[in-house]
Amino acid sequence: MLILISDAFAPDLPEKLSPYGDVTDDKEKLPEATVVLVRSKTKVTREYIDSAPNLKLVIRGGVGLDNIDLNYAAEKGIAVHNTAAASSIAVAELAFTLMIALPNHVTRADSTMRAGQWAKKELKRTELYKKTLGIVGLGRIGTELAKRAAAFGMNVVAYDPFVDSSEVATMKPDLKDVLNNSDYVSLHLPLTEETRGIIDAEILNEFKDGAYLINTGRGKTIVEEDVVEALKSGKLAGFGNDVWYSDPPENTPLIDAPNVIMLPHLGASTKENLLRIGDIIESIVRDFVPTD
Ligand code: NAD
């Protein structure tokens, strides 16, 4: 059995998987592969599946399955697994990093210092303490973020039509109720027909003036041009972004927008998480290998 590691995983993964078959990272060997391991870079499209006649199992190291044609995989009898629970802390910590970095002007303070400027008077900080964080999508990651925000003395509200109650956030039945009252809005949504472009010009009007937006969910849940306009008008005080229309982004208008912190899709990329993902993948492969 050939196991193809198609994206970046922990360096010890090939060794971990070696008892179960031959392991390669040579993408040319896709036609021979029985198991393919992907993160978000490899797109498991209909064409990809058609060029892998031996494929029986796709494992997505991470959460979102939007880079995999799930219907076609099912039609072809290919099992698809993810490692959903592994990444929650890594992503929540990154969302929190952005939530601290934005109002403390960490990147601007650093770049002005390097440019020989002393911007002490211009860079006015604000505190998280007693501010309201609105979480959109209160799943695993949103819940971890809520716990961290509570530790900083923040008030946490959330919108998630599939969650009735929560111990870590006050649920609001309407997205607008969250946006009207939040100083920070953090998106933790999967990309679905309902969430695609959910943050557009119309809904941005519902934000508090001068709110901060953070997106570590999926890039296509926001309309980038509309977020840029909101940043230029001051409706949004800042935007912290880890996720893009494509990895890497092509011609994103966010490059020239004010008060944006941009990250290259680092949410899941902690050492600890890659090790956790590796352990879960090993157990999935172990269960998959026929025992006789
Ligand atoms: P999850 O499934 O536990 O949580 C997602 C939540 O969104 C669920 O509670 C669901 O009910 C809610 N939701 C769905 N549709 C909604 C809607 N229309 N409005 C409001 N809420 C809605 O998933 P998770 O583990 O918390 O991950 C969330 C997302 O984060 C993933 O789908 C993935 O896209 C993204 N993610 C990003 C990174 C990264 O590297 N930045 C890493 C992992 C996951």
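Computed from a prediction, not measured in an experiment: that's the story for all the values here.

Sorry if this is basic, but what is going on with the overall build of the protein here?
Secondary structure assignment for the protein yields ten helices and twelve strands. At 21 Å, the protein has a C-alpha radius of gyration in line with the 19 Å of a compact globule built from 292 residues. Seen through its C-alpha atoms, the protein measures out along the principal axes to roughly 70 × 50 × 35 Å. Going through the 292 residues of the protein one by one, you find that 49% of them count as buried. Sequence-distant contacts in the protein: of pairs separated by 6 or more residues, those separated by 24 or more amount to 60%. Carbon and sulfur atoms make up 51% of the accessible area of the protein, which totals about 14,900 Å².

I would appreciate a short explanation of helix α9 (residues 224-233) in the present structure.
Count 3.6 residues to each turn of an α-helix, and residues three or four apart come out pointing the same way. Among the residues of α9, those classed as buried are Glu224, Val227, Val228, Ala230 and Leu231. Seen along its axis, α9 keeps its buried residues to an arc of 160 degrees; they face one direction. Away from its buried face, by an angle of more than 90 degrees, α9 presents the exposed residues Lys232 and Ser233. Check the buried side of α9 and you find it contacts α8 (201-204), β10 (211-215), β11 (236-241) and β12 (260-262). Downstream of α9 by one or two residues, Gly234 has phi in the positive range, about 90 degrees.

How should the pairing of β11 be read in this particular structure?
The two faces of the sheet receive side chains in turn, since in a regular strand these alternate between them. Buried residues dominate β11, accounting for five of its six residues. Both β11 and β12 contribute to a ladder of three bridges, which runs parallel. Paired with Phe239 across the two strands is Val260, which belongs to β12.

Is there a simple way to think about the packing of aromatic side chains in this case?
Think of a pair of aromatic rings as described by two things: how far the centres are apart, and how the planes are tilted against each other in angle. Applying the stated rule across the entire model yields two aromatic pairs. Between the aromatic rings of Phe96 and Phe152, the centroid separation amounts to 4.8 Å while the plane-to-plane angle is 65 degrees, which identifies the pairing as edge-to-face. Taken together, the residues Phe96 in helix α4 (residues 88-101) and Phe152 in the loop between α6 (140-151) and β7 (155-159) connect sequence positions 56 residues apart. For Phe152, a relative accessible area of 40% gives the class partly exposed. Measuring from centroid to centroid gives 5.2 Å for Tyr184 and Tyr212, while their planes differ by 10 degrees, and the two rings are stacked.

Would you mind going over the domain arrangement of the protein with me for this structure?
Often, the extent of an interface is quoted as the loss of accessible area on bringing the components together. Split into domains, the protein comes out as domain 1 (2-86 + 271-288) and domain 2 (88-262). In this structure, domain 1 and domain 2 have C-alpha centres spaced 31 Å apart. At the interface, ten residues of domain 1 touch six residues of domain 2. Counting the contacts that link domain 1 with domain 2 gives one salt bridge. Linking domain 1 to domain 2 there are three residue pairs in polar contact (both at pLDDT 80 or more).

Even after reading the chapter, I still don't get the site of the ligand, so can you show me in this structure?
Neighbouring the ligand are 23 residues, the closest being Arg140, Ile141, Asp160, Thr216 and Asp242. Arg140 is positioned such that a nitrogen or oxygen atom in its backbone is 2.9 Å from an oxygen atom of the ligand. Within the backbone of Thr216, one N or O atom sits 3.0 Å away from a nitrogen atom of the ligand. Against a free-state accessible area of 850 Å², the protein chains account for coverage of 88% of the ligand. Looking at the shell around the ligand residue by residue, the classes come out as eleven nonpolar, eight polar and four charged.

The rules behind each value
Residues numbered from 1 in each chain as written. Predicted model: local features only at pLDDT ≥ 70, side-chain atom pairs only at ≥ 80, totals over all residues. Heavy atoms only, no water. Helix = DSSP H or I, 4+ residues; strand = E, 2+ residues; numbered from the N terminus. Rg over C-alpha atoms; globule rule 2.2 N^0.38 Å. Buried < 20%, exposed > 50% of the residue type's maximum accessible area, 1.4 Å probe, protein only. Contact = heavy atoms within 4.5 Å. Areas by Shrake-Rupley, 256 points an atom, 1.4 Å probe, with all protein chains shown as cover. Arc of directions from axis to C-beta. Pairing = 2+ DSSP bridges. Phe/Tyr/Trp six-rings, centres within 6.5 Å; stacked < 30°, edge-to-face > 60°. Domains from an automatic or database assignment. Salt bridge = Lys/Arg side-chain N within 4 Å of Asp/Glu carboxyl O. Polar contact = N/O pair within 3.5 Å; in protein donor to acceptor, adjacent residues only side chain to side chain. Near = heavy atom within 4 Å. Nonpolar A, V, L, I, M, F, W, Y, C, P; charged D, E, K, R; others polar.

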